[in-house]
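# Fold and contact review
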Amino acid sequence: MNQGSVERQISGETKENMDYRGEVEIFEGVEFWARYTWGRIYPTSGGVEAVCAFCGRKLQARGVEELKSVVAAHDNEHALLRGFIEQVVERLERRLMEELEDYYVHVGLNVISEALEIHVGTKFDEISASVEEGFAEYCEEENLSDEECEQEFIRIYEEELRELNEEHARYVAGVVTLPWATVEFSPKEVERDYDWAGLLIEVRFTDLAPWKYASEELMAEQLAQLVTALFRLA
């Protein structure tokens, strides 16, 4: 999906769907729900105003029926954004796996917040297995009760988690502001078996048409360079 194809979808599909009001549900005049968006509705002196819960945009209309069409057009913008992000996700994950081949990498789309989530670090399997090895014999040798043995296991397990986090979690946090998004990064600690430690990055799009700035391929490349630099410098 390149910039030209996205723009054609916007100009064509938005006009097509301006009246697909059946896809938009209004509940008690205070909420709207569409395919990709939802929000609150408020009365105004000139009609009604809806606020999109995802991007905060205010949508104005003279009445509820007209609002359905306005919401439908706005919902289509989010549909196009979703499709664009999905293309970026696929390319970005592949690029990061090449750059950070010795680490755990996962890139996904949070459909609730429309944020792009990036995990980079080290993934663990059964951490408890290393603690359990020989633990029964230890409890017997120390003459520990079942309750004392359980408490000791928890203590040693938590200590193991702390040591893994000291070695693998990246304790840095901050926000990078781009023309089309904010990139927030924070440490991720391992908390249980089959968990991971490292750096968590969230890309929140502030522009519903990020393809105006770069194609999916170029955006994935730019994000890969930024994420790799943040992880290696952390």
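In this report, we go over the structure that sits alongside the text. (Residues numbered from 1 in each chain as written. Predicted model: local features only at pLDDT ≥ 70, side-chain atom pairs only at ≥ 80, totals over all residues. Heavy atoms only, no water.)

### Examining the pattern of salt bridges
Put simply, the rule is: Between Lys or Arg on one side and Asp or Glu on the other, a salt bridge is scored when a side-chain nitrogen of the former is within 4 Å of a carboxyl oxygen of the latter. Runs of H or I in DSSP of at least four residues are treated as helices and runs of E of at least two as strands, each being numbered from the N terminus. When a residue's accessible area, from a 1.4 Å probe over protein chains only, is under 20% of the maximum for its type it is buried; when over 50% it is exposed; and in between it is partly exposed.
In the structure shown here, the tally under the stated rule is 17 salt bridges. Among the salt bridges present, the one from glutamate 31 reaches arginine 40, with a minimum N-O distance of 3.1 Å. Among the salt bridges present, the one from glutamate 77 reaches arginine 57, with a minimum N-O distance of 2.7 Å. Of this pair, glutamate 77 sits in helix 2 (residues 64-99) while arginine 57 sits in the loop between strand 4 (47-52) and strand 5 (58-61), placing them 20 residues apart in sequence. Residue class for arginine 57 comes out partly exposed when judged on its relative accessible area of 35%. Salt bridges linked by common partners bring Arg95, Glu98, Glu99 and Glu221 together as one network.

### Remarks on the sheet that holds strand 8 (residues 174-177)
The strands making up a sheet associate through hydrogen bonds between their backbones, and the pairing can be parallel or antiparallel. Inclusion rule: Being paired, for any two strands, means DSSP has found at least two bridges between them. All axes here are fitted lines through C-alpha atoms, helices being fitted over the stretch that makes contact, and every angle between N-to-C directions spans 0 to 180 degrees.
Spatial strand order, 6-7-10-9-8: 5 strands in an open sheet with antiparallel pairing. The two strands at the open ends of the sheet, each matched to only one other strand, are strand 6 (104-110) and strand 8. Recorded for the sheet is a direction-independent mean angle of 15 degrees between the axes of neighbouring strands. As paired elements, strand 6 and strand 7 (residues 115-123) share 7 bridges and run antiparallel to each other.

### Notes on the side chain of arginine 91
Selection rule: N or O atoms closer than or at 3.5 Å make up a polar contact, with two conditions inside protein: a donor-capable atom paired with an acceptor-capable one, and, for residues adjacent in sequence, both atoms drawn from side chains. In this analysis, two residues are considered to be in contact whenever any of their non-hydrogen atoms come within 4.5 Å of each other.
Looking at the element boundaries, arginine 91 is found in helix 2. A distance of 3.0 Å separates a polar atom in the side chain of arginine 91 from a polar atom in the side chain of glutamate 217. The residues touching arginine 91, leaving out its near neighbours within four places in the chain, are Glu216, Glu217 and Ala220.

### A short note on the state of the cysteines
Heads up, the rule is: Cysteine sulfur atoms are paired as a disulfide whenever they come within 2.5 Å of each other.
For the structure shown, the criterion picks out 1 disulfide. In this model, cysteine 139 is linked to cysteine 149 through a disulfide, with the two sulfur atoms separated by 2.0 Å. Measuring handedness by torsion sign, the sulfur bridge of cysteine 139 and cysteine 149 sits at about 80 degrees and is right-handed. With cysteine 139 in helix 4 (residues 135-141) and cysteine 149 in helix 5 (residues 146-168), this residue pair connects regions lying 10 residues apart in the sequence.

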